[in-house]
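# Structural overview for review
Residue-level listing of the chains:
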Amino acid sequence: MTQPFRLSTGGAIQRDHPVSFQFDGRRYTGYRGDTLASALLANGIHLVGRSFKYHCARGVLTCGSEEPNALVELRRNARREPNTRATTIELYHGLDASSQNRWPSLRFDLLSLNVLAAPLLVAGFYYKTFMWPASFWEPVYERLIRRAAGLGRAAREADADSYESCHRHCDVLVVGAGPAGIAAALNAARQGVRVLLCDENASLGGRLLYERDLVDGKPAVDWLAHKVQAFSRFPNLCVLRRTTVFGAYDHNVYGAVERVADHVSQPLPGQPRQRRWTIRAQRTVIATGAHERPLVFPGNDLPGVMLASAVRAYANRFAVAVGRRVVVVTNNDDAYQTAIDLTVAGIATPLIVDTRQRSGMIADVARAAGIDVRTSTLPKRAVGGRRVRALELMTSAGQPAGRVACDCLAMSGGFNPVVHLASQQGAKPTWSEPAVGYVPSADLPQVHVVGAARGVYALADCLLDGEGAGSGYVSAARPLAGYGDAQPPQPLWSVAANGKAFVDFQNDVTLADLELAAREGYVSPEHAKRYTTLGMATDQGKTSNINALGILAQVQGKAISAMGPVTYRPPYTPVAIGSFAGHRRGHDFLPIRRTAMQQWHERAGAVFIQVGHWLRAGYYPRPGETPQQTIDRETTAVRTTAGLCDVSTLGKIELFGPDAVEFLNRLYVNGWSTLAVNKARYGLMLREDGFVFDDGTVTRLGDEHFFITTTTANAGAVLAHMEYCHQCVWPDLDVAFCSVTEQWAAMSLAGPRARRVLARVVSTDVSNEALPFMGVVKTMIDNVPVRVFRISFSGELAYEINTPWGFGQAVWERLMATGADLGLVPYGLEALNVLRIEKGHVTGAEIDGRTTAADLGFARMMNDRKDFIGRMLAKRPGLVDPIRPALVGIKAVDATVRLRSGAQITLPTTASAALSTQPSLGHVTSVAFSPTLKRWIGLALVADSRARIGEHLYASSPLHHEATPVEIVEPCFIDQDGRRLHA
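Below: a short report on this structure. (Residues numbered from 1 in each chain as written. Predicted model: local features only at pLDDT ≥ 70, side-chain atom pairs only at ≥ 80, totals over all residues. Heavy atoms only, no water.)

## Remarks on the overall build of the protein
- Each helix and strand counted, the protein has 23 helices and 50 strands in total.
- When its C-alpha atoms are laid out on the principal axes, the protein stretches across 110 × 70 × 55 Å.
- In the protein, which comprises 983 residues, the proportion classed as buried is 57%.
- Restricting the contact set of the protein to residue pairs at least 6 apart, pairs at least 24 apart contribute 66%.
- With an accessible surface of roughly 40500 Å², the protein has 54% of that area assigned to carbon and sulfur atoms.
- Charged side chains of the protein number 104 positive and 91 negative; the gap between the two group centres comes to 4 Å. (Helix = DSSP H or I, 4+ residues; strand = E, 2+ residues; numbered from the N terminus. Buried < 20%, exposed > 50% of the residue type's maximum accessible area, 1.4 Å probe, protein only. Contact = heavy atoms within 4.5 Å. Areas by Shrake-Rupley, 256 points an atom, 1.4 Å probe, with all protein chains shown as cover. Lys, Arg positive; Asp, Glu negative; His and termini not counted. Charge placed at Lys NZ, Arg CZ, Asp CG, Glu CD.)

## Quick look at the environment of L899
- Along the chain, L899 turns up in the loop between β45 (886-892) and β46 (904-906).
- On the accessibility criterion, L899 (2% relative accessible area) is buried.
- Measuring from C-alpha to C-alpha, the distance between L899 and T964 comes to 7.3 Å, with 65 residues separating the pair along the chain.

## Focus on a nonpolar patch on the surface
- A grouping of W103, L110 and L111 is seen on the molecular surface, where their side chains present a nonpolar patch of about 320 Å² in accessible area.
- Along the chain, W103 turns up in the loop between β7 (95-99) and α2 (125-129).
- W103 gets classed as exposed once you look at its relative accessible area, which sits at 53%. (Patch = residues over 30% accessible without salt bridge, like charges linked within 9 Å, V, L, I, M, F, W, Y side chains within 5 Å. Salt bridge = Lys/Arg side-chain N within 4 Å of Asp/Glu carboxyl O.)

## Re the packing of aromatic side chains
- Applying the stated criterion to the full structure yields 16 aromatic pairs.
- Measuring from centroid to centroid gives 5.8 Å for Y314 and F318, while their planes differ by 35°, and the two rings are tilted.
- On the accessibility criterion, Y314 (1% relative accessible area) is buried.
- Between the aromatic rings of F415 and Y457, the centroid separation amounts to 5.8 Å while the plane-to-plane angle is 40°, which identifies the pairing as tilted. Of the two residues, F415 sits in strand β25 (residues 415-417) while Y457 sits in the loop between β28 (447-449) and α10 (459-470), which places them 42 residues apart along the sequence.
- On the basis of relative accessible area, F415 is assigned to the buried category, the value being 11%.
- Taking NZ or CZ as reference, K542 lies 4.6 Å from the ring centre of Y572, over its face. (Phe/Tyr/Trp six-rings, centres within 6.5 Å; stacked < 30°, edge-to-face > 60°. Lys NZ or Arg CZ within 6 Å of the ring centre and 35° of its normal.)

## Focus: the pattern of salt bridges
- Scanning all chains against the criterion turns up 50 salt bridges.
- With its nearest N and O atoms 3.9 Å apart, the salt bridge here joins D864 to R871.
- With a closest N to O distance of 3.9 Å, R871 and D867 form a salt bridge.
- It is possible to trace a salt-bridge network through shared partners that takes in R207, E211, D213, R312 and D334.

## Quick notes on unusual backbone geometry
- Looking along the chain, the bond that leaves W103 and enters P104 is cis, with omega of 0°.
- Its place among the elements puts P104 in the loop between β7 and α2.
- Cis geometry is adopted by the peptide bond preceding P571, which originates at P570 and carries an omega value of 5°.
- Looking at where P571 falls in the secondary structure, it is placed in the loop between α13 (545-556) and α14 (577-581).
- The residue H251 is not glycine, and still its phi comes out positive at about 60°.
- Along the polypeptide, H251 turns up in the loop between β13 (243-249) and β14 (253-258).
- Residue classification places H251 among the exposed positions, given a relative accessible area of 78%.

## Structural notes on the side chain of S544
- As for its placement among the helices and strands, S544 is situated in the loop between α12 (525-532) and α13.
- Of the residues examined, S544 reaches a relative accessible area of 1% and is grouped as buried.
- Beyond its immediate chain neighbours, meaning those up to four positions away, S544 contacts V503, D504, L534 and G535.

## Side note on helix α5 (residues 220-230)
- If you check which residues of α5 are buried, you get A220, W223, L224, K227 and A230. Across the axial projection of α5, the buried residues extend over an arc of 120°, all falling on one side.
- In this structure, the buried side of α5 is in contact with α4 (179-190), β10 (214-215), β11 (218-219) and α10. (Arc of directions from axis to C-beta.)

## Comments concerning the side chain of T964
- Considering the arrangement of structural elements, one finds T964 in strand β50 (residues 962-969).
- Judged by relative accessible area, which is 8%, T964 ranks as buried.
- Leaving out residues up to four positions away in the same chain, T964 has contacts with A892, V897, R898, L899, L953, Y954 and A955.

## Observations regarding empty space enclosed by the protein
- With the rule as written, the count across this model stands at seven cavities of 30 Å³ or more.
- Approximately 90 Å³ is the volume attributed to the largest cavity.
- If you go around the largest cavity, you meet 13 residues; those closest to its centre are R50, N69, L71, L151 and Q506.
- Taken together, the residues of the lining of the largest cavity sort by class into five nonpolar, six polar and two charged. (1 Å grid on protein atoms, 1.4 Å probe; cavity = no way out; pocket = protein on both sides within 12 Å on 5 of 7 lines; lining within 4 Å. Points joined across faces, edges and corners; volume = space filled by probe spheres on them. Nonpolar A, V, L, I, M, F, W, Y, C, P; charged D, E, K, R; others polar.)

## Section: the packing of helix α16 (residues 627-640) against helix α21 (residues 829-839)
- It is at 8 Å that the axes of α16 and α21 come closest, and there the two elements cross at 55°. Between α16 and α21, the angle is such that the two are oblique. Note that α16 runs across α21; the crossing there is right-handed. Contacts from I631, E634, T635, V638 and R639 in α16 reach E830, A831, V834, L835 and E838 in α21. (Axes fitted to C-alpha atoms, helices over the stretch in contact; angles between N-to-C directions. Parallel < 35°, antiparallel > 145°, perpendicular 65-115°, else oblique. Left-handed = near helix turned anticlockwise from the far one by under 90°.)

## Examining the sheet that holds strand β47 (residues 922-930)
- The strand order around the closed barrel formed by six strands is β45-β48-β47-β46-β49-β50, and the pairing between neighbours is antiparallel. Across the sheet, the mean angle separating the axes of adjacent strands is 45° when strand polarity is ignored.
- Looking at chain direction, strand β49 (residues 952-957) and β50 are connected through six bridges and run antiparallel. If you follow H952 over to β50, its bridge partner there is E967.
- Sheet strands in contact with α21 are β47 and β48 (935-942), and its direction is about 115° off that of β47. (Pairing = 2+ DSSP bridges.)

## Quick word on the sheet that holds strand β36 (residues 679-686)
- Taken together, the five strands give an open sheet; going across it, the order is β36-β37-β38-β35-β39, and neighbouring strands pair in antiparallel fashion. Each edge of the sheet is formed by a strand with only one pairing partner; in this case those strands are β36 and β39 (736-739). Adjacent strand axes in the sheet meet at a mean angle of 25°, parallel and antiparallel pairs treated alike.
- As paired strands, strand β37 (residues 692-702) and strand β38 (residues 705-710) are joined by four bridges and run antiparallel to one another. Among the inter-strand pairings, V698 is bridged to a residue of β38, identified as I708.
- Contacting β35 (651-656), β36, β37, β38 and β39, helix α18 (residues 715-729) runs over the sheet at an angle of about 160° to β39.

## Quick notes on the packing of helix α11 (residues 511-519) against α13
- One way to put it is that α11 packs onto α13 with a least axis distance of 10 Å and a crossing angle of 50°. As judged from the angle between their axes, α11 and α13 are oblique. As for the relative orientation of α11 and α13, their crossing is right-handed in sense. Here L511, L514, E515 and A518 of α11 come into contact with α13, specifically with A548, I551, L552 and V555.

Honestly, that's just the spatial picture; any functional story needs more than this.
Next up, the structure:
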């Protein structure tokens, strides 16, 4: 028979919609409205997982997001999701779940033998074991820790789903749709303000979903249906179901995750799996309810030992009998209702064990239902293996009190208000004797904590509490925290008996572990938490933290109020990283940017390289050419005729203002006061710590107008740096600046024939006398305005031509057509790299955040007659040490041998010694094959560089198992006197 533990009547499930699902490869049936946990229990599956350390058998403990045991792996392949709580997974057709943390199977887990080693695996064993001998750390201990770490298996493929990030503003945010939250939302909506109600479940109602209480004379579920239907009358009330508010931040900002499609096998096309909300509220009502506390006694971790409220929920809401014979153990009145409801549902409940000396009036109702009630009795030990079979009892004095058979044990140690969101905002929880739990110390500005979240448990009081907060005030008649007229609980933090009593079910932290931690001095909750790993599992201590505080207080002979609560931090429940990223991944995170000449490059057959955000032409192969042949041809053309390169991606910033010169003087190491109008100058800026930040050119276009270029990669960083300096460091300077990178298309025309090409298309004189090196002229090309800068990065006669972006392709095509007979060719980033290495020019490979101006040969640029960012820290002894690695050139001794970027420079010795035993003198930053020199050359940073010019060393690359003899030379390989540059 399928679903042998399903009750024949009752529940909120849809019995006319059966749902087929799989667990550990076996097929089962449930109903629409089930969770995976309720469907498994209905099918008699109580063993659902294994604990982390001992691999003990674990069953469902709760019915909500606080579940520590029933963690499963959901779906397969790219959609595989580990550590998903079965208690929150809505059942759907085709659901495929697997147990985890077991081998080879759930029922026969060989790693459960770990329990035999329990005397060795006590609290803090890792601190004591992994300290000696020290030589064991890397080869033994680290490998063992890495193999043992983690819970569940992450998907190896890229996430197949999409996510969204959205924002929401509201006047009143209500977190939690239990009775207090519903009352608050409706009352706030009646005021005409914008109300947002968020609840983590698909169905609204909280505890009312599984209670048989009466509200306003109606059954709770009917009252709830009426109120939820009333929501439709308020267009100003928005309800987000399946939405967990996971974090509270300053100024009433909240983070929430809406599980849009987690309840289906996969999202519809175009539908996100999850949506992350950033919510900004004027006022907030926190109605997050409370979690039931387990009891700590030997055997409390067996499958079939559950929280009493969860047992009641499975029976009333899901029509599931979690056992045939249920025993209730409690220290409060609430669990009595579980026993009564089970009896009404036809489930045998022979006994209620009340640890208190006397019970409340509800005990008479239980006895009238035929249930035996024993007070002053404690659970001595739960007996069983893969499921509980019996409960041994003892008196409060420690005397044996018999044994009762059962296949389910419903336990209740009271309730813990869910104070997480209030605590995250600074309302430190304090112990409340009436509530027998930690409650927020005080209401925060514009934040009201209501209902069970502040220890108000009676249903009528919760409704009154919520209504007052929804109206925007806290009435004088607001209920005090507590259990109303019920007999208050009597805290029971642990039962002294033989056997393992678990406090943290997932991480296998026992009562003995906490007692040991206290004996060894870890009496602070935060210290004990780290020493024992208590509260550090995926449930973040929701079912264990308060019991642990009580136990630590009990061991020290203190009241729990003297202990102080643990710290609650976001997220409240685990959040998928994808929901934080939203659409910002792949090209949506790093969008491809294309220059104005992109279409021309594509038609020319360019092979593209992604550089930062930009797509740049790497080289332009002709039919039959290899990539190296193409790069050699383009490089040779620039050296012998002319080439045209797209350099639009360089960062461009325009600077204005009467204090512009002073601003530049403070940013750059060199001075700018003497720079004439229509002249350019190379500039270098440092970080505050004295290392090189970026380089580029600065052109003076007017007395108070400057044009700045930066490297492609640092365009945004330099602009942000300038903004920071202007706003925070020198707000008194009268300057203004903005990025114009996308306003100007830029191309570099370089080579011996570059001037002849340019002269054919511009309307002004571009002779050496009219436009000398580092000069600038504004002119026209076919009635299109252009700026022509006499600047070279290739070492050849060169011009950088800037034109408004929309005219970029037209100007490019005009230049290419005009220079065709002069041998003009397009050249890409690869050839540009060869040209700059031949000339000894540095890029990001050398400006890597670890080099100084002196390291790169720019020490003389640093103007000591003025102050600038990084000036003082650049003089630290370690940064001015003459033997620091500095820029040099290298060339292979054998011209036919290839060099490797990243290779280490080592002393001359045998090749094998160079690869293994020789200390590094520096490293190779850039390499290229020079068609001009017919050999491999490169740039490197080498210690004591000036003394090593002409010396033969090794370039050792262990990755390629190569040790190449190289000669250290000057970094400039071509045109050392600059004749080509100034031609």
